[in-house]
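Observations on the three-dimensional arrangement
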Amino acid sequence: MTGTKTQKSSLSNPRKLRNLLESPKVEHILEAHNALSASLVEEAGIPGLWASSLTLSCAAGLRDNSELTMSEVLDTLESITAKVQIPILFDGDTGYGQFSHFQQLVRKLCLREVGGVCIEDKVFPKTNSFLRSEGQSLAPVDEFCGKLRAGKDAQSDPDFIVAARTEALITGLDVSEAIDRTERYAEAGADAVLIHSKARTFAQVQEFLSKWSGAVPVICVPTTYYATPMDAFQQAGVSLVIWANHMLRASIGAMQDLANHIGRSGTARDLEDKIVPVKEIFRLQDADGLLEGEKVYLNQGSSTSAVVLAASRGRGLDELTRDKPKAMIPISGTPAIEKMLQSFRAEGIKDISIVRGYMPEALAPAGASFFENPGWEQTGELGSLSAARSALKGDVVIAYGDTIFKRYILQLLLSSDAPITIAVDGSCSFLDSGRSADRVKISGPSPTRYTEEEFVLEQMTENLSDAEADGEWIGMLRTKGEGTERLVEALDEVLALPESEKLDMCAVFERLVARDPQAVRVIYVQGDWIDINSLADVARGGDV
Ligand code: SPV
Ligand code: MG
């Protein structure tokens with residue numbers, strides 16, 4: 001699952017972090033400074049997060065000198081735990097004051113389901129370990145042990161981790177001082193100790209580990225000795241490795257490159273293939289999840305659903321459909337199907353199913369559900385409609401996926417109160433054009449002035465003579481409740497006919513009209529739609 005966290009896993013975050021610390025194998029976690037970076041860490045399969053004071057403060061435009069306040073940092077942690085399932089070990093600096101402040105912090109971290117906190121034995125306001133480190137002062141051991149005890153007493157989750165970090169090596173003291181301090185911290189109740197070092201190799205931390213009692217798991221931060229293999233950490237007895245700042249460092253470099261390029265050249269033209277597409281942002285935001293949610297929770301949307309028949313490749317469109325189905329041909333830069341989906345959504349229709357056949361993998365617009373008609377070449381549009389049978393209930397708009405239409409046509413169909421309504425183009429533009437059309441005979445010709453008259457379908461067939469034809473069906477119909485049921489019945493009857501694979505929607509309409517001459521209401525339009533076959537005849541090329 002990516003994007004929005006929807007389900008809690010059965011283990012609490014403190015338990016997950018504890019499992020990492022207690023795992024016999026060395027584990028690693030990676031820095032995150034906001035919900036976005038946290039979700040990228042999670043997607044990479046890394047089992048935990050380090051919420052670093054260095055990077056959280058930097059991301060907030062502040063120094064790593066206890067400048068970020070407790071409430072600011074809690075807000076960020078909350079947004080991270082709301083987004084991801086992996087646990088956070090929070091870098092709690094010196095605990096935000098004395099023992100009582102640390103207790104408040106622990107309580108608030110537990111409320112926000114943070115896995116644990118690590119505090120260091122320095123004095124407030126602390127400075128980052130890699131900055132003027134020799135001059136930094138350490139907290140008195142007793143006072144720090146009291147703070148650790150206070151933190152453990154304040155936690156509301158029994159698995160919550162309080163880790164104790166010694167800065168002894170950072171400030172220039174030796175390994176024995178680091179051991180003395182950390183043994184005391186473990187006795188005071190710390191669940192783990194963090195031994196920090198600014199040495200360029202693992203040797204100093206290795207020496208620490210060789211003298212360590214093993215009372216609690218040991219954590220290290222190989223920012224300076226980053227080349228050490230995981231095996232070496234494992235062999236030396238490290239339980240958890242923290243990559244403490246790498247996500248922020250990587251993003252700073254990428255952002256600087258881009259900003260400098262745009263600043264220098266005044267254009268983003270050459271950068272497109274170096275930056276993620278906007279749709280990657282939508283993926284990370286789980287934009288599709290909103291559509292799913294709307295289907296479940298939003299009732300104010302239309303109860304009408306849509307079924308788009310888009311399985312066929314199209315007659316004579318070989319060139320344009322070599323690498324994509326007909327519905328994906330761009331019209332003014334936007335795939336035809338997207339235009340159709342935009343129109344549906346603008347009318348509140350969110351439950352949209354598409355029947356695919358030719359190149360299904362290339363027809364996957366976001367937010368739609370899919371039916372497959374693998375036999376599209378033999379079974380045609382009736383096979384496709386039948387494939388979407390389970391979506392044919394309630395109020396439904398059915399449309400061919402290769403049709404472009406002005407939105408008012410959809411609005412007219414939706415406003416009809418008849419059980420079955422089709423849109424008919426009364427302009428008869430097919431006459432003398434040589435193109436095939438679903439010609440229709442209607443109860444009256446397309447009116448040239450205002451009328452209250454309701455029109456119904458009498459006949460639909462490609463073979464209607466020029467004189468008999470009142471127009472052509474544009475490939476869109478709308479059925480309501482009982483009309484949808486009638487349509488499905490007629491479809492089943494036609495599919496049961498011998499050689500039904502040679503039949504098309506005309507046969508279904510014929511059936512409906514034969515049963516009830518008033519069955520199919522007609523709404524007349526004049527032009528304002530086109531199908532891609534006709535469009536392609538007009539303009540062949542990449543973008544029609
Ligand atoms: C942090 O990431 O903020 C740390 C580790 O505390 S360090 O920057 O090395 O001090
Ligand atoms: Mg820090």
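Thresholds, definitions, all that
Residues numbered from 1 in each chain as written. Chains lettered and ligands numbered in written order. Predicted model: local features only at pLDDT ≥ 70, side-chain atom pairs only at ≥ 80, totals over all residues. Heavy atoms only, no water. Helix = DSSP H or I, 4+ residues; strand = E, 2+ residues; numbered from the N terminus. Rg over C-alpha atoms; globule rule 2.2 N^0.38 Å. Buried < 20%, exposed > 50% of the residue type's maximum accessible area, 1.4 Å probe, protein only. Contact = heavy atoms within 4.5 Å. Areas by Shrake-Rupley, 256 points an atom, 1.4 Å probe, with all protein chains shown as cover. Lys, Arg positive; Asp, Glu negative; His and termini not counted. Charge placed at Lys NZ, Arg CZ, Asp CG, Glu CD. Donors = N, O, S within 2.8 Å, 3.2 Å for Na, K, Ca; no water. Near = heavy atom within 4 Å. Polar contact = N/O pair within 3.5 Å; in protein donor to acceptor, adjacent residues only side chain to side chain. Nonpolar A, V, L, I, M, F, W, Y, C, P; charged D, E, K, R; others polar. Domains from an automatic or database assignment. Core = buried A, V, L, I, M, F, W, Y, C linked by side-chain atoms within 4.5 Å. Disulfide = S-S within 2.5 Å.

Looking only at helices and strands, one finds 18 helices and 21 strands in the chain. In terms of overall size, the chain is more extended than a compact globule, its C-alpha atoms giving a radius of gyration of 34 Å where 544 residues would be expected to give roughly 24 Å. With respect to the three principal axes, the spread of C-alpha positions in the chain is 105 × 50 × 45 Å. Expressed as a percentage of the 544 residues in the chain, the buried residues total 52%. Counting contacts in the chain only where the partners sit at least 6 residues apart, residues at least 24 apart contribute 74% of the total. When the accessible surface of the chain is split by element, carbon and sulfur atoms take 52% of a total near 24,800 Å². One finds the centroid of the 55 positive side-chain charges in the chain at a distance of 4 Å from the centroid of its 78 negative side-chain charges.

Surrounding the magnesium ion (ligand 2) are the protein donor atoms S53 (OG) and D91 (OD), at 2.0 to 2.1 Å. Placement of S53 in helix α3 (residues 53–59) and of D91 in strand β3 (residues 88–91) is noted, with a sequence separation of 38 residues between them. Residue class for D91 comes out buried when judged on its relative accessible area of 4%.

Here we come to the site of ligand 1. Lining the immediate environment of ligand 1, one finds W50, S52, S53, L54, D91, N128, S129, F130, R165, H196 and A244. Between an oxygen atom of ligand 1 and a side-chain N or O atom of D91, the distance comes to 2.8 Å. Within the side chain of S129, a nitrogen or oxygen atom sits 3.0 Å from an oxygen atom of ligand 1. When isolated, ligand 1 has an accessible area of 280 Å², and the protein chains bury 100% of it. Classifying every residue of the shell around ligand 1 by side-chain character gives four nonpolar, five polar and two charged.

We note that the domain assignment places domain 1 (16–252), domain 2 (267–301) and domain 3 (302–543) within the chain. For domain 1 and domain 2, the distance between their C-alpha centres works out to 34 Å.

Ranked by size, the top nonpolar core spans 63 residues in total, and within it L49, F90, L105, L109, V117, L148 and F208 carry the most contacts. If we skip the residues at most four places from it in the chain, F208 touches V175, A178, I179, T182, I195 and V218. Listed in part, the 38 residues of the second largest apolar core include L392, V396, L491 and A519.

Glancing now at the side chain of D425. Positionally, D425 belongs in strand β16 (residues 420–425). Looking at D425, its side chain comes within polar contact range of the side chain of S427, at 2.9 Å. A distance of 2.8 Å separates the side chain of D425 from the side chain of W529, its partner in a polar contact. Not counting chain neighbours up to four residues away, the residues in contact with D425 comprise D470, G471, E472, I474, V525, Q526, G527 and W529.

Quick look at the state of the cysteines now. Summed over the entire model, instances satisfying the criterion amount to zero disulfides. Here C110 stays unpaired: no disulfide links it, and the sulfur of C118, its closest cysteine neighbor, is 15 Å away. According to the relative accessible area criterion, C110 is buried, its value standing at 11%.

Here the focus is unusual backbone geometry. The omega torsion across F124 and P125 is -10°, close enough to zero to call that bond cis. For R132, which is not glycine, the phi torsion reads 45° and is therefore positive. Tracing the backbone through its elements, the reader meets R132 in the loop between β4 (116–120) and α6 (141–154). For R132, a relative accessible area of 64% corresponds to the exposed category.

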